[in-house]
Amino acid sequence: MIGSSVVFRTRSWIVLCLGLLTLGTPAAFAADCPGHPDALGTSRTLVVDPREHPRIGTMQYRETLPLRDHEVVLTFDDGPLPKYSNQILKMLDDECIKATFFIIGGQAKANPEGVRKLVAAGHTVGTHSMNHPLTFDRMPIEKYEPEINGGIQWTSAAMTDPAKQLAPFFRIPGLMRAEGVENYLISRGIQVWSADFPADDWRHVSPDRVYQLAIQRLEAKGKGILLLHDIQPRTVAALPKIIRDLKARGYRIVHVVPATADLPATPTAAVEWLLHPPTETTPIARWPAVPNFVFAQSTMLPAPALADLNAQTEHQPVLPRRTRAQLDVASTLPVPGHDLFAIPEGSIEVLLSTTLSRRAATRLAMAAETPRAAKGKSGSIKAGKSRASRTAHAAHGTPKHAGQAKGTTPRPTRVATSVKKRA
Ligand SMILES: [Zn+2]
């Protein structure tokens, strides 16, 4: 809700604009900016209904303001802080630019005159919490509710007619959005404002960098809501250059105000609330719709019979099917003979040679044979040999290679087929 004085000003502005300015020539705006023939001006006023489009700004949301190409909305957060806010205000006044300010309750409490100046200059005034905590994304309602209310209370306290002068617009500090916070605001008819691009003017960058980022990001999107801070000296330093460049590049400023009972929302189509509505170059919007088939016949097909499943049903149910093991297929295969796993005497070297170099295998084999020769086939040696055999077998599986003596070629042994051991 905006003050009646503001509404009337806005309306006279609209009347003026409709008659003279909607042709879109920036030069025409200068006529309405006495003493500043070169002013950028404000091209039009957009009236929005927060209840119809509760979240705006493509930095975080699907929708944004229904701006036309090369239209810009300037927003300033965190004020008012007299030292810098007054300079910003003067620059905007000189250019006849109307912007939107998101006030911190604590700043309004300390500098209520700053809020009154904004209202008097015809800017839109929304709020930005009481103390600007950067924890809205994780605060319970007991914490964020008083933050929201404190900002509204102290900004209202600075106004002569807050019911009409305070816009139901809120920007979450640091854009630390959360579903609960948004739903709370929306339930109160307050529009949640993100932005389409910032200029990083809260960072330790030069004014020139702020200017560059503002223009580069605007050029990338072609239109949108620019987020700035009227408490930053670098913003004060960058703003004149931003404004000059906006004008040089043919951008136009749009002033946004909330709809009231007396001031209906500007008529818009839903698609205009998307930054880039579907076009010829977005194929997904061009897929043909699924035809709405109407079937002439509606008779149902018969249920399939068991015989249609081609299943053996005489001695077993169709489901569950018997597994391969259950069908006892394995028992029909021949059982492997026990000598398949036997390692003939003196074959260690051959076995080892499959994994080691020939020289290393020979050395190991000799080491194994020597104590056996000395001890005469003691049990420990046998155990060692059979261990080696097992290892070799485990490593290489089948077929087994068996060489009878050093240097012989391994050859496969015959596979026996008649041992009942594993039946
Ligand atoms: Zn802020």
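Bear in mind that the values here come from a model prediction, so they are computed numbers and not experimental data. (Residues numbered from 1 in each chain as written. Predicted model: local features only at pLDDT ≥ 70, side-chain atom pairs only at ≥ 80, totals over all residues.)

Regarding the overall build of the chain
Along its length, the chain carries 13 helices and twelve strands. A burial count over the chain gives 32% of its 423 residues as buried. Long-range pairs, those at least 24 residues apart, make up 75% of the contacts in the chain between residues at least 6 apart in sequence. (Helix = DSSP H or I, 4+ residues; strand = E, 2+ residues; numbered from the N terminus. Buried ≥ 20, exposed ≤ 12 C-beta atoms within 10 Å, placed from the backbone. Contact = placed C-beta atoms within 7 Å.)

With respect to helix H3 (residues 82–95)
The end-to-end C-alpha distance of H3 is 20 Å, a good match for the 20 Å that 14 residues give at a rise of 1.5 Å each. Tyr 84, Ser 85, Ile 88, Leu 89, Leu 92 and Glu 95 are the residues of H3 that are buried. Buried residues in H3, looked at end-on, bunch into an arc of 135°, giving them a common side. Exposed and oriented more than 90 degrees from the buried face of H3 are Lys 83 and Lys 90. Those residues of H3 that are buried are in contact with strand E3 (71–77), helix H5 (112–120) and helix H10 (233–248). Positive backbone phi, approximately 55°, marks Cys 96, located one or two places after H3. (Expected span 1.5 Å × (residues − 1). Arc of directions from axis to C-beta.)

Observations regarding the nonpolar core
Grouped together as the largest cluster of nonpolar side chains are 68 residues, with contacts concentrated most on Val 72, Val 73, Leu 74, Val 125, Phe 170, Ala 214 and Leu 226. Take this core: its biggest share by element is six residues, from H10. Setting aside anything within four residues of it in sequence, one finds Leu 74 in contact with Ile 97, Ala 99, Leu 226, Leu 228 and Ile 253. (Core = buried A, V, L, I, M, F, W, Y, C linked by C-beta atoms within 7 Å.)

Describing unusual backbone geometry
Each neighbour pair has its own omega, and for Gly 79 with Pro 80 the value is 0°, a cis peptide bond. Mapped onto the fold, Pro 80 is located in the loop between E3 and H3. In this structure, Asp 78 is a non-glycine residue whose phi angle is positive, near 80°. According to the C-beta neighbour criterion, Asp 78 is buried, with 23 such atoms within 10 Å.

Structural notes on the packing of helix H6 (residues 141–157) against helix H8 (residues 179–187)
Running from N to C, H6 and H8 cross one another at 45°; their axes reach a closest spacing of 11 Å. By the angle class used here, H6 and H8 are oblique. Handedness of the crossing formed by H6 with H8: right-handed. Taken together, the residues of H8 that come into contact with H6 (itself represented by Ile 141, Tyr 144, Glu 145 and Ile 148) are Gly 180, Val 181, Tyr 184 and Leu 185. Looking at the contact of H6 with H8 residue by residue, the classes come out as six nonpolar, one polar and one charged. (Axes fitted to C-alpha atoms, helices over the stretch in contact; angles between N-to-C directions. Parallel < 35°, antiparallel > 145°, perpendicular 65-115°, else oblique. Left-handed = near helix turned anticlockwise from the far one by under 90°. Nonpolar A, V, L, I, M, F, W, Y, C, P; charged D, E, K, R; others polar.)

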